[in-house]
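Notes for the structure review
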Amino acid sequence: MDTITILLADDQLLVRAGIRALLESQPGHQVVAECENGMEAVAAIETLKPSVAVLDIAMPGMSGIEVAQRVRNFDADVKILVLSGIERQEVVEQALAAGVNGYMLKDFAMAELQLALETVLRHGRFLSPKLQERLISRMLEGGPAGAVSLTTRQTEILRLVASGKTTKEIARELDISPKTVEFHRAQLMEKLGVHDVTGLTRYAMQNGLVH
């Protein structure tokens, strides 16, 4: 098994120590650097090229969002996982727009951290369950997180399409027919004003539905 190399960036030493202990208790996980501010994180990511960078949002000098923006200018491949106590919707949306692969809240369980790492390493998107629930609720209500109101089924199918599932896989997962999946997908494209799966995926990513 290839070693998963991880960079931690958080201005609180005790937080870094706790997360490091959790990560290194898992087989094949190695923390290769700890950074206490955003500038250090950018330099270390460029030099060490870790598998995953775990970033806090509120750091001295440069926020985690600014770090993600800088890193995406020179590295599109490193996975970026935000680990923050900030739950504000606009901050989550800014982080996703900056190119982070996941956003976790600090009141996590170990199983959630493992799932987040596995998801982003598989090129997926991860949001803490609380954040995902909030985004979906806002989309269903037609709030700022979604320009239109979607049904629960449409939201499920949009999320699965954007996660790379085929029509048959979606049908099997939701226990419906492939024709029903195609019907909902066509409705989604019409409702969202997009013409292909790429457009659906972009919309889902912008609204935090892919995890």
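Please read these numbers as outputs of a predicted model, since none were measured by experiment.

Glancing now at the pattern of salt bridges. The tally for this structure, following the rule as stated, stands at nine salt bridges. Notably, a salt bridge pairs arginine 153 with glutamate 156, separated by 2.9 Å at the nearest N-O pair. One end of the pair, arginine 153, and the other, glutamate 156, are both in helix α7 (residues 152-162), three residues apart, so they sit about a helical turn from each other. Residue classification places glutamate 156 among the partly exposed positions, given a relative accessible area of 26%. Each of Arg16, Arg20, Glu24 and Glu34 takes part in a single network of salt bridges with overlapping partners.

Pairing is parallel across the open sheet formed by six strands, whose spatial order is β2-β1-β3-β4-β5-β6. Each edge of the open sheet carries a strand with a single partner, namely β2 (29-35) and β6 (126-127). Inspection of the sheet shows strand β5 (residues 102-105) paired to β6 by two bridges, in the parallel sense. Bridge assignment links tyrosine 103 to a residue of β6, and that residue is leucine 127. The sheet contacts of helix α2 (residues 38-48) involve β1 (4-9), β2 and β3 (52-55), and relative to β2 the element is tilted by about 140°.

A separate point is helix α10 (residues 197-206). For α10, the complete set of buried residues consists of Gly199, Leu200, Thr201, Tyr203 and Ala204. One or two residues past the end of α10 sits glycine 208, with phi positive at roughly 70°.

What follows concerns the nonpolar core. With 30 residues, the main nonpolar core has Leu7, Leu55, Val67 and Tyr103 as its most contacted residues. Of all elements in the fold, only β1, β2, α2, β3, α3 (64-72), β4 (79-84), α4 (89-98) and β5 reach the threshold of two or more residues within this core. At five residues, the largest contribution of residues to this core is made by α4. Residue contacts for valine 67: discarding those within four places in its chain leaves Gly38, Ala41, Val42, Ile45, Leu55, Met59 and Met62.

About the cut-offs
- Residues numbered from 1 in each chain as written.
- Predicted model: local features only at pLDDT ≥ 70, side-chain atom pairs only at ≥ 80, totals over all residues.
- Heavy atoms only, no water.
- Salt bridge = Lys/Arg side-chain N within 4 Å of Asp/Glu carboxyl O.
- Helix = DSSP H or I, 4+ residues; strand = E, 2+ residues; numbered from the N terminus.
- Buried < 20%, exposed > 50% of the residue type's maximum accessible area, 1.4 Å probe, protein only.
- Pairing = 2+ DSSP bridges.
- Contact = heavy atoms within 4.5 Å.
- Axes fitted to C-alpha atoms, helices over the stretch in contact; angles between N-to-C directions.
- Core = buried A, V, L, I, M, F, W, Y, C linked by side-chain atoms within 4.5 Å.

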